[in-house]
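# Inside the fold
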Amino acid sequence: MSLPAPRRRVAVIGTGAIVTGSHLPALRAHAERVELVAAVDVDQGRLDAFRQLAGARVDGFTSTDAMLDAVRPDLVLIGTPPALHREQTVAALKAGAWVLCEKPLCLSPAELDDITAACSSKHVYILID
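Report follows, based on the coordinates. (Residues numbered from 1 in each chain as written. Predicted model: local features only at pLDDT ≥ 70, side-chain atom pairs only at ≥ 80, totals over all residues. Heavy atoms only, no water.)

### Details of the overall build of the protein chain
In terms of helices and strands, the protein chain carries five helices and five strands. Mapped in sequence order, the helices and strands of the protein chain form the string β-α-β-α-β-α-β-α-β-α. In terms of C-alpha radius of gyration, the protein chain reaches 14 Å, essentially the compact-globule figure of 14 Å for 129 residues. Across its three principal axes, the protein chain shows a C-alpha extent of roughly 45 × 40 × 30 Å. Relative to its 129 residues, the protein chain shows a buried fraction of 36%. Contacts spanning at least 24 positions in sequence make up 55% of the contacts within the protein chain whose residues lie at least 6 apart. Surface accessibility of the protein chain: about 7900 Å² in total, with carbon and sulfur atoms responsible for 56%. Counting 13 positive and 15 negative side-chain charges, the protein chain places the averaged centre of each group 7 Å from the other. (Helix = DSSP H or I, 4+ residues; strand = E, 2+ residues; numbered from the N terminus. Rg over C-alpha atoms; globule rule 2.2 N^0.38 Å. Buried < 20%, exposed > 50% of the residue type's maximum accessible area, 1.4 Å probe, protein only. Contact = heavy atoms within 4.5 Å. Areas by Shrake-Rupley, 256 points an atom, 1.4 Å probe, with all protein chains shown as cover. Lys, Arg positive; Asp, Glu negative; His and termini not counted. Charge placed at Lys NZ, Arg CZ, Asp CG, Glu CD.)

### Regarding helix α1 (residues 17-29)
Compared with the 18 Å implied by 1.5 Å per residue over 13 residues, the 18 Å span of α1 between its first and last C-alpha is a close match. Considering bend angle alone, the principal kink of α1 is centred on histidine 23 and spans about 35 degrees; proline proline 25 follows within four residues of it. Residues of α1 that are buried: Val19, His23, Leu24 and Leu27. Contacts from the buried residues of α1 go to β1 (8-13), β2 (34-40), α2 (44-54) and β4 (75-78). (Expected span 1.5 Å × (residues − 1). Bend = angle between axes of the 7 residues up to and from the residue.)

Spelled out as structure tokens, the structure:
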């Protein structure tokens, strides 16, 4: 008999429509495999509304760095405007998290170089749609 896979601790960065309308239902549908533990948004009102919708056990932060330091999630889902993707992806990777980032991942080849340099493993897949 094998042991069940551990639930992965997930944080979201950005609590706008794409995260609330698409990713939150997907996370709920896979609750046996993932646990939403934190959310980040610079807009405190939007963050509070998301946390109310997501559940009381979701910690709220207005800073990505503060969340990564406090929570140390296994996976970070990034649903912010594309101009923020490089900075947030690099921070999450450097904190040791896996990253699922909305497209586009970045805005230039130089930003992609920064992201790949932050990857601590050779087993990283970057899917470009």
